[in-house]
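Chain and residue survey
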Amino acid sequence: MKKYIFVFVIAFMALTLTACSTEVSNQIPEEIEDTKEIEEVIKDENEANEENQEKEDQVKEIDLQAIQPNEVGEIMVLMYHHVREPEGEWSRTPENFRRDLQVLYEKGYRPISLVDYTTGNITTEAGYTPVVFTFDDGNQNNFNMIENDEGEWVVDPDSAVGILVDFHEKHPDFPLEATFFINGGTPFGQAEWVEYKLNYIVDKGMDIGNHTYNHINFTNATAEEIQAQLGRLNQMVNRYLPDYEVNTLALPFGSKPKDTELRRYLVEGEYEGERYHNIAILEVGWDPYRSPFHKDFNGNSIRRVRASETKVDGVGMYDWLDALDRGTRLRYISDGDANTITVPEEYRDRLPEEIDGKTIRTYTLD
Ligand SMILES: [Zn+2]
């Protein structure tokens, strides 16, 4: 018996020591197969460990202590309106917008799409924090076309799209992801360029969201009005992009129907025979929002952070960057694996028991 225990201890140590290398730990069971006795000891006394080992083999190995992922931390969904001079409550200057991108980049934030956020498809590199960009109202300064000195029409380098694309080209590890919430009529102005602009956004991998056809206030809207406002906008987008599905909504003025019975039409409805389904509904205020894996995450009520230079009543983007730096708010740190949700043990209770299609991994900090 003593001998068995000794061999078991050695075998266990070998497994433990090589646990960080999938390749090596995969070879161990083959080697022990020769010695049936040892295998039985391991099977009998360590069944649970083996099962865990199998699960872990499917998980991307990272240095948990160095990276300290926390995928139940919070994520900022940034809200922009105008990109123009001068700086104001609803305006960011081009220079300041560039600086926002630079600061986010240096602080380890990396853009993801709103859809990837709300569906929990987070592929952000290990150790980095996802951030979501949103622009409301389809202002021309979000996407402007200008004629250059050679007489060619080009994207205005001082418009939001121009700045985002330029930053992404200089920093390819800062994905080009943003959602533009537009209204009916002539999104981004310049009627002759609407088709080009909507195609450009989607071709570049960015998104178009619903901000209602007439930028209406939903407070007293009827079921018919809500469905018409959302459906008409979708119809307009589909005239330019027949295959594109608009499935995100930013509430104008952050308004919702007073009659709570009608709120379901914000999520789902029908207009002139076409159905719509919004998988993310965005509020106007005011702080970083929950991880999509948090058990209380609500995709129908995602709060946004106002992107602003000066601190706005303590709830501007730079206030939250400070709070996330200091740890007064919990920052999402990716483990780099979309199918594994990694959290420190002490935060495990913020996740549901199980998450469909994902492996939950916990760890304890040294
Ligand atoms: Zn608006």
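As shown above, the structure is provided for reference.
Residues numbered from 1 in each chain as written. Predicted model: local features only at pLDDT ≥ 70, side-chain atom pairs only at ≥ 80, totals over all residues.

As for the overall build of the chain
When helices and strands are counted, the chain shows 12 helices and 16 strands. Within the chain, buried positions represent 34% of all 366 residues. The contacts in the chain between residues at least 6 apart in sequence include a share of 65% that link residues at least 24 apart. (Helix = DSSP H or I, 4+ residues; strand = E, 2+ residues; numbered from the N terminus. Buried ≥ 20, exposed ≤ 12 C-beta atoms within 10 Å, placed from the backbone. Contact = placed C-beta atoms within 7 Å.)

Some points on helix α10 (residues 223-240)
Here α10 contains 18 residues, and its C-alpha end-to-end distance of 27 Å stays within 8% of the 26 Å for a straight helix at 1.5 Å per residue. Within the span of α10, buried status applies to I226, Q227, A228, Q229, L230, G231, L233, N234 and V237. In this structure, the buried residues of α10 make contact with α9 (194-203), β9 (207-210), β10 (248-250), α11 (264-267), β11 (268-271) and β12 (274-277). (Expected span 1.5 Å × (residues − 1).)

A short note on helix α12 (residues 317-326)
If you check which residues of α12 are buried, you get M317, W320, L321 and L324. Buried residues in α12, looked at end-on, bunch into an arc of 105°, giving them a common side. As for α12, its buried residues are in contact with β1 (76-80), α6 (94-106) and β14 (305-306). Where α12 terminates, the next one or two residues include G327, which has phi positive at roughly 90°. (Arc of directions from axis to C-beta.)

Here we look at the nonpolar core
One finds V77, L78, V132 and A160 to be the most contacted residues of the largest nonpolar core, which totals 63 residues. The leading source of residues in this core is β1, at 5 residues. Setting aside its immediate chain neighbours within four residues, A160 contacts Y80, V83, F97, F135, N141, N142 and F143. (Core = buried A, V, L, I, M, F, W, Y, C linked by C-beta atoms within 7 Å.)

Section: the pairing of β1
Counting buried residues in β1 gives 5 out of 5 residues, a clear majority hidden from the surface. The side-chain alternation of β1 yields two buried faces, one formed by M76, L78 and Y80 and the other by V77 and M79. Relative to strand β5 (residues 129-136), β1 runs parallel, the two being bridged by 5 bridges. Considered in β5, the bridge of V77 is made with V132. In this sheet, β14 lies alongside β1 in parallel orientation, the contact comprising 2 bridges. The partner of M79 across the bridge, within β14, is R306. (Pairing = 2+ DSSP bridges.)

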